[in-house]
Amino acid sequence: MLVTDKALKDVIFFSMDQTLRGLRAYSTKVFLESGFDITVDQWLVLKRVSEGNGTVSQTEIAEMLDKDAASMTRILDILVKKDLLFRKMSSQDRRRFDLVMTQKGIEYVTALTPIVLKLREQALAEISDKEIQLVRSILEKVTHNLSQE
């Protein structure tokens, strides 16, 4: 494929970035309107910790979310301060902390899950499963192309 210079608005990666920024901003707004002072990144961390049964580490979540250590620490500090999770020393590795949900964190995940599902449904309205699979396939190809050295 021949790639030529285009106006920024015509570059697919710019469109992808704008879409994700819009989704994040709208989601954060809906969370706040629903009584939850939480960002999308904070939600993603809570959701992943809730799936980990107390065995997920800061490093694992940082890798999954592609966050650097400083950003991940900031997000976790906020979640700890909000009493949504806590750090527990790992029983397998004393240099590592596992992240564990508090009762309040569990309540947040339980209450936010239907809100997140509704947001996804709204964002994907009138988009077929076939179209979603096509976009996923294309994104996987882009990722693959960028991982080639």
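Up top is the structure these notes are about.
Numbering of residues starts from 1 in each chain and follows the order in which that chain's sequence is written. Per-residue local features of the predicted model are confined to residues with pLDDT of at least 70, and side-chain atom pairs are confined, for both listing and counting, to 80 or more; whole-chain, interface and lining totals are unaffected and use all residues. Hydrogens are left out, water is left out, and the side-chain values use all remaining heavy atoms of the structure.

Caption draft 1: A look at the overall build of the chain. In DSSP terms, a helix is any run of H or I states spanning at least four residues, a strand is any run of E spanning at least two, and both are numbered starting from the N terminus. When helices and strands are tallied, the chain shows six helices and three strands. Projected onto the principal axes, the alpha-carbon positions of the chain cover approximately 55 × 40 × 25 Å. The buried label applies to any residue whose accessible area, calculated with a 1.4 Å probe on protein chains only, is under 20% of its type's maximum; exposed applies above 50%, and partly exposed to all values in between. Going through the 149 residues of the chain one by one, you find that 26% of them count as buried. Two residues form a contact once any of their heavy atoms are found within 4.5 Å. Long-range pairs, those at least 24 residues apart, make up 51% of the contacts in the chain between residues at least 6 apart in sequence. With residues, only the protein chains shown are counted as cover, and all accessible areas are computed by Shrake-Rupley using a 1.4 Å probe. Carbon together with sulfur atoms contributes 57% to the accessible area of the chain, which is approximately 10,900 Å² in total. When charges are counted, Lys and Arg contribute as positive and Asp and Glu as negative, whereas His and the chain ends are disregarded. One atom stands in for each charge, and that atom is NZ of Lys, CZ of Arg, CG of Asp or CD of Glu. In the chain, 22 positive and 22 negative side-chain charges are present, and the distance between their average locations comes to 3 Å.

Caption draft 2: Representation of the nonpolar core in the model. Nine residue types can take part in a nonpolar core, namely buried Ala, Val, Leu, Ile, Met, Phe, Trp, Tyr and Cys, and a core is a set of them joined through side-chain atoms within 4.5 Å. By size, the foremost hydrophobic cluster in this structure holds 27 residues, and its most contacted members are Phe31, Val45 and Leu46. For this core, the secondary-structure elements that each account for two or more residues are helix H1 (12-33), helix H2 (40-51), helix H3 (58-65), helix H4 (69-81), strand S3 (97-101) and helix H5 (103-123). Top element by residues in this core is H5. It accounts for six residues. Filtering out sequence-adjacent residues up to four positions away, Leu46 remains in contact with Ile38, Leu79, Leu84, Leu85, Met101, Tyr108 and Val109.

Caption draft 3: Layout of H2. One less than the residue count of a helix, multiplied by 1.5 Å, gives the span that helix is expected to have. The terminal C-alpha atoms of H2, which comprises 12 residues, lie 17 Å apart, in line with the 16 Å expected from a rise of 1.5 Å per residue. Just past H2, the residue Asn53 takes up positive phi, approximately 50 degrees.

Caption draft 4: Layout of the pairing of S3. Of all five residues in S3, four are buried; the element is thus mostly enclosed. Pairing between two strands requires that DSSP report at least two bridges joining them. The pairing of strand S1 (residues 56-57) with S3 spans two bridges and is antiparallel. By the bridge assignment, Val56 is partnered in S3 with Leu99. In terms of strand pairing, strand S2 (residues 85-89) meets S3 through five bridges, oriented antiparallel. When the bridges of S3 are listed, Met89 appears paired with Phe97.

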